[in-house]
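Observations on chain architecture
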Amino acid sequence: MIKFFIDKYSWRGSFLLMGGVTLNICIFGGLMRPLQLTTDTRKRKEGVAVTDFTFLRNTKLILLSFSCLFWASGLGIGFVHLSAYAVANDSSELGASFLISVIGIGNTVFRLITGMAANHPAVDSLTVYSGTLGIVGLISLCCPLLMVTTVGQMFYALLFGMYTSSAVVLVAPLVVDFVAMSSLASALGVVNLMTGIGYLIGAPLAGWLYDTTGLYVNSFYLSGVCFLLSSAVILAAPLFGEEKIVFTDDVKENSQTLTKRMYDENINEVKYVQYPKSVKTKDCKLKHTDCVGLATI
């Protein structure tokens, strides 16, 4: 569609049309009214500092942020240089522009599949995220073997769209797993900032590489390396175990008090396991008056 706009209305007209389409986001955004806060939520929000950056000490969140930076860098290179690379391999301009549509088709379909798979309790979102980015990294390194034919170009564009979509779907659930709900909005902001930086530096760096070497293939080698780095960085997250807070028998908290403490102390979740009153163990994870409790942050 963008190719049609450019041919019909030139670059100036195309940007005006795309700007008009994008402005519709403002209309839909204006229709999103804030939910009514409950009394308990209002109380918990009182006294929370707006400039609280303690979540930045979360090593897993930092790793995810840098993973998104590398992912966005590789993705930007693919979107910007794929059509030009196809034209350099004797593809028509119309056929080369259609590759972006193929990426979009694969991206849309695989987002739905990834989302449904991630909801299954047996599926680990971190493994899917890292695995798909590793696959697209290897595919990008093998890109020169696929770009010699039109079918190969379509196949690469489809795989590129499919396996880069998982990051879009799984980033938010991973952030929820890594930080407390009280820091969720700020943590997502940091991750999105790093993603934007990746988009900002990826394509210009690949352009400089093309100007230096005169070959688009090197840009896709760089893209593959970026995806592999993104996959490798997030794989280190499980190495940083969860810190733990142990509640002794002297701490008798009901569910309401514990919920407030979880919010105030930046605790992600409490895992509950029922133990009989006669069992005395520090591994008890049920915060009731008859046993000790363990909360992970």
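For the structure, see preceding data.
In this report, we go over the structure that sits alongside the text.

Thresholds, definitions, all that
- Residues numbered from 1 in each chain as written.
- Predicted model: local features only at pLDDT ≥ 70, side-chain atom pairs only at ≥ 80, totals over all residues.
- Heavy atoms only, no water.
- Helix = DSSP H or I, 4+ residues; strand = E, 2+ residues; numbered from the N terminus.
- Expected span 1.5 Å × (residues − 1).
- Bend = angle between axes of the 7 residues up to and from the residue.
- Phe/Tyr/Trp six-rings, centres within 6.5 Å; stacked < 30°, edge-to-face > 60°.
- Buried < 20%, exposed > 50% of the residue type's maximum accessible area, 1.4 Å probe, protein only.
- Axes fitted to C-alpha atoms, helices over the stretch in contact; angles between N-to-C directions.
- Left-handed = near helix turned anticlockwise from the far one by under 90°.
- Contact = heavy atoms within 4.5 Å.
- Nonpolar A, V, L, I, M, F, W, Y, C, P; charged D, E, K, R; others polar.

Looking at helix 7 (residues 150–178)
The end-to-end C-alpha distance of helix 7 is 43 Å, a good match for the 42 Å that 29 residues give at a rise of 1.5 Å each. At L170, helix 7 shows its maximal kink, close to 40°; a proline, P173, follows between one and four residues later.

Considerations on the packing of aromatic side chains
Scanning all chains against the criterion turns up nine aromatic pairs. Ring plane angle 75° and centroid distance 6.0 Å describe the contact between Y156 and F220, whose orientation is recorded as edge-to-face. With Y156 in helix 7 and F220 in helix 9 (residues 217–235), this pair connects stretches of sequence that are 64 residues apart. In this pair, the class of Y156 matches that of F220, namely buried. Through a chain of ring-to-ring contacts, the aromatic side chains of F79, Y85, Y156, F160, Y210, Y216, F220 and F227 assemble into a single cluster.

Focus: unusual backbone geometry
A positive phi angle, near 70°, is found at D90, a position not held by glycine. Relative to the elements of secondary structure, D90 occurs in the loop between helix 3 (59–88) and helix 4 (93–118).

Regarding the packing of helix 3 against helix 4
Their axes nearest at 8 Å, the elements helix 3 and helix 4 cross at an angle of 145°. Viewed along their axes, helix 3 and helix 4 form a crossing whose handedness is right-handed. Residues F79, L82, S83, A86 and V87 of helix 3 touch helix 4, and the partners they reach there are E93, A96, S97, L99, I100 and I103. For the contact of helix 3 with helix 4, the class distribution of residues is eight nonpolar, two polar and one charged.

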